[in-house]
Amino acid sequence: MSAKKKSFLLLVCMLSMSLLLAACGGNSSGTGGDAGKPETGKTAEADPSKPFVFGETPLTFSLYGNYDWYTMNPWGQDPATKWIQDNKKVTVEAIQSGGAALQKFNTMIASGQLPDVIWGDRGTDVEKLRKAGKLVALDPYLEKYPNLKKWAGEKTLNMLRSEDGKLYQFPNWYTKNPMGNGGYAVNNKIYKELGSPKLETFDDLYAYLKLVKEKYPDVIPFEVGLSGQGIDFLYAGMAEDRNVGQVSLRVVPQGNELKSLFSDPVYREAMIFANQLFREKLITQDAITQTRDQVKEKINNGRVAVYGDFETTVLGTEANSMLRAKDPEGGYTMIWPLHKAGVDPKKVWVNEFDSLGWNVSVITTSAKNPEGIFAYLDWLTGEEGERIIFWGPEGMYWQGTNDKGAPIYTDKYKNEVEERTKLMAIWDTFQWAGNTAFIDGSKADNELKLPEDKRDWATVSQTSVAWRTSFDATEFGNIQPLPDTAEGMILQRVSDIADKVRAKVLFAKDEQEVIALLDKAEQDAQKAGYDKLLKFETAKWQENLKKIGRK
């Protein structure tokens, strides 16, 4: 996981609070069929007069993934969700964003048809709905269904609580250990054919990319992924103890204060280097506008020499499998993050994690059975649920468990790598309550016991590089203001300025223009109230430090 995937911050719902309060009253529970007459392929309707028993009482609920890029696969049409449907009597009905998450979300609110569950980024949208009274507090279920409390711990749950002291957010990929999917991967075949030169510093990278461009004119020297995420890696490698999260937050910690990103000398140096690579056509020319599918197509076909973004171990796994199936010498290898000469490579962070994880699920007041939904999410985040949704039903890719609850891989897991990789990509779309500590520990236990050519590429890449280059950013969680506050409006303006200048910097004609653009961005941000925003976020940061016991 990722490192995380924080560049995918949601656009803020801009409908007025009065509209939100007036329109959300409808019910869209997503339950299908009359009692005793289940729809085809779905569980029967529960009897509301009887107490809910997870695994015995039928449960159907709707879920909306609040991301442009997210599409949930059909429920019950793969081995894992079919097992859940048959054995736990749970059916999840997808409400797809159709590539337009903000518009879809606004439409649901305006029509009063909220889904039972919304899965998306924590923070502003969650608090907007909470203040409108449209979310179910989860506290009453924590003792009855103990997996979340056991695995996440009180400290993490307290960090997730809202201002009223209640818990509304069920975390996904929460962790107490380093995690992340980001980093640099090199195309094995191209790298070997060019003599396997040293690739450690940015000077090495520049020389290598020029060589690739000369020898392989049809290959992209450096693919920087969706929204140019790989460009942020340049910032992380320009100085020690910088990390990609600072770019997405637009803050630079200095002592006990958060300072401007635009005026930061390290950020400026990184943008100058990015501009040079772009001008010389050494990185993706549609870096800012390309889609995830376009990135995937390029790396799957081996038309990339160096690949780097926040999802390298996610997209790279399938690409590596496909290329190695055609040529055992093909595929990709993740390398240690590149850095400026003189920077300690052990202090370069291209991933970040916090105990809160990546995103969250919230249960809306439209849900007829909020306890049942919580029970499912709690089961999903526990050992059995994680084994099923990550590796499939027992007897397929695993049989039995070790003393830590980790699944013991079967020969099918070892031998059917390509098919397994495809299925695990499907199951990933149903992972809304990821338990990083259990999954990562289980993968590490198993994978390193396999022959090298049978190991999961993602796990090897994570344990050897990605997790070891992940920065603990728990202290920066939830420091940004709500959108309907004065600081929230400033944040939106500063974010717009940052996005625009980042794109303009790539197309600048030279270093002097890059500096001029960043100077202008700093001036515009200050006029927009950047200093006020930084003071607000500094105060929130200091509050977080107290919550987690840091000074």
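Below you will find a few notes about this structure. (Residues numbered from 1 in each chain as written. Predicted model: local features only at pLDDT ≥ 70, side-chain atom pairs only at ≥ 80, totals over all residues. Heavy atoms only, no water.)

Section: the sheet that holds strand S5 (residues 183-187)
Within the open sheet, the four strands sit side by side as S6-S9-S5-S10. Their pairing is mixed. Looking along the sheet, the strands with just one partner apiece sit at the ends: strand S6 (220-223) and strand S10 (332-335). Put simply, the sheet's adjacent strands are angled 20° from each other on average, direction ignored. Direction of pairing for S6 relative to strand S9 (residues 304-309): parallel, over a ladder of three bridges. Along S9, the bridge assignment pairs Ile 220 with Val 304. Packing of helix H8 (residues 229-237) onto the sheet brings it into contact with S5, S6 and S9, and relative to S9 it is tilted by some 75°. (Pairing = 2+ DSSP bridges. Helix = DSSP H or I, 4+ residues; strand = E, 2+ residues; numbered from the N terminus. Axes fitted to C-alpha atoms, helices over the stretch in contact; angles between N-to-C directions. Contact = heavy atoms within 4.5 Å.)

With respect to unusual backbone geometry
Look at Arg 250: it is not a glycine, yet its phi comes out positive at around 60°. By the element assignment, Arg 250 lies in the loop between helix H9 (244-249) and strand S7 (251-254). A positive phi is found at Asn 478, a non-glycine position, where the angle reads about 55°. Mapped onto the fold, Asn 478 is located in the loop between strand S15 (470-472) and helix H19 (486-507). Given a relative accessible area of 34%, Asn 478 falls into the partly exposed group. (Buried < 20%, exposed > 50% of the residue type's maximum accessible area, 1.4 Å probe, protein only.)

What about the environment of Phe 170?
Residue placement: Phe 170 occurs in strand S4 (residues 170-172). Sequence spacing of Phe 170 and Phe 374 is 204 residues, and the spatial spacing of their C-alpha atoms is 8.5 Å. The contact partners of Phe 170, leaving out residues within four places of it in the chain, are Leu 138, Leu 148, Asn 359, Val 360, Ser 361, Phe 374, Leu 377, Asp 378, Thr 381 and Ala 433.

Observations regarding the packing of aromatic side chains
By the definition in use, this model includes 34 aromatic pairs. Ring centres 5.7 Å apart and planes at 80° place the aromatic pair Trp 119 and Trp 358 in the edge-to-face group. A residue pair is termed long-range when its members are at least 10 positions apart, and Trp 119 in strand S3 (residues 117-120) and Trp 358 in the loop between strand S11 (351-353) and strand S12 (359-363) qualify at 239 residues. A residue is classified by how much of its surface remains accessible, and Trp 119, at 3% relative accessible area, is buried. By relative accessible area, which is 6% here, Trp 358 ends up buried. Centroid distance Tyr 397 to Tyr 413: 6.3 Å. Interplanar angle 80°. Geometry classified as edge-to-face. Placement of the pair is Tyr 397 in the loop between helix H14 (383-391) and strand S13 (398-401) and Tyr 413 in helix H15 (residues 411-415), with a sequence separation of 16 residues. Residue Tyr 397 shares its accessibility class with Tyr 413, and that shared class is buried. (Phe/Tyr/Trp six-rings, centres within 6.5 Å; stacked < 30°, edge-to-face > 60°.)

Re the sheet that holds strand S2 (residues 90-95)
If you walk across this open sheet you meet the five strands as S2-S1-S3-S12-S4, and the pairing is mixed. A single partner strand is all that each edge strand has here, and the edge strands are S2 and S4. Strand after strand, the sheet turns through a mean of 25° between neighbouring axes, direction not considered. Both strand S1 (residues 59-65) and S3 contribute to a ladder of three bridges, which runs parallel. By the bridge assignment for S3, Leu 63 is matched with Val 117.

Comments concerning the side chain of Ser 442
With respect to the helices and strands, the residue Ser 442 is situated in helix H17 (residues 436-447). Using a relative accessible area of 3% as the deciding quantity, one classes Ser 442 as buried. Those residues in contact with Ser 442 that sit more than four places away from it in its chain are Trp 391, Ala 406 and Pro 407.

Considerations on the pairing of S5
When a strand is regular, its side chains alternate between the sheet's two faces. Summarising burial for S5: five of the five residues are buried, a large majority. Pairing of S5 with S9, which is carried by four bridges, proceeds in the antiparallel orientation. Directly across from Tyr 184, in S9, lies its bridge partner Gly 308. Sheet topology note: the S5/S10 ladder contains four bridges and is antiparallel. By the bridge assignment for S10, Asn 187 is matched with Tyr 332.

Some points on the packing of helix H5 (residues 147-160) against helix H13 (residues 370-381)
At their nearest, the axes of H5 and H13 sit 8 Å apart, and the two run at 65° to each other. H13 is crossed by H5, and the crossing has left-handed handedness. Facing H5, whose interface residues are Asn 147, Leu 148 and Trp 151, H13 presents Phe 374, Asp 378, Trp 379 and Thr 381. For the contact of H5 with H13, the residue count by class is four nonpolar, two polar and one charged. (Left-handed = near helix turned anticlockwise from the far one by under 90°. Nonpolar A, V, L, I, M, F, W, Y, C, P; charged D, E, K, R; others polar.)

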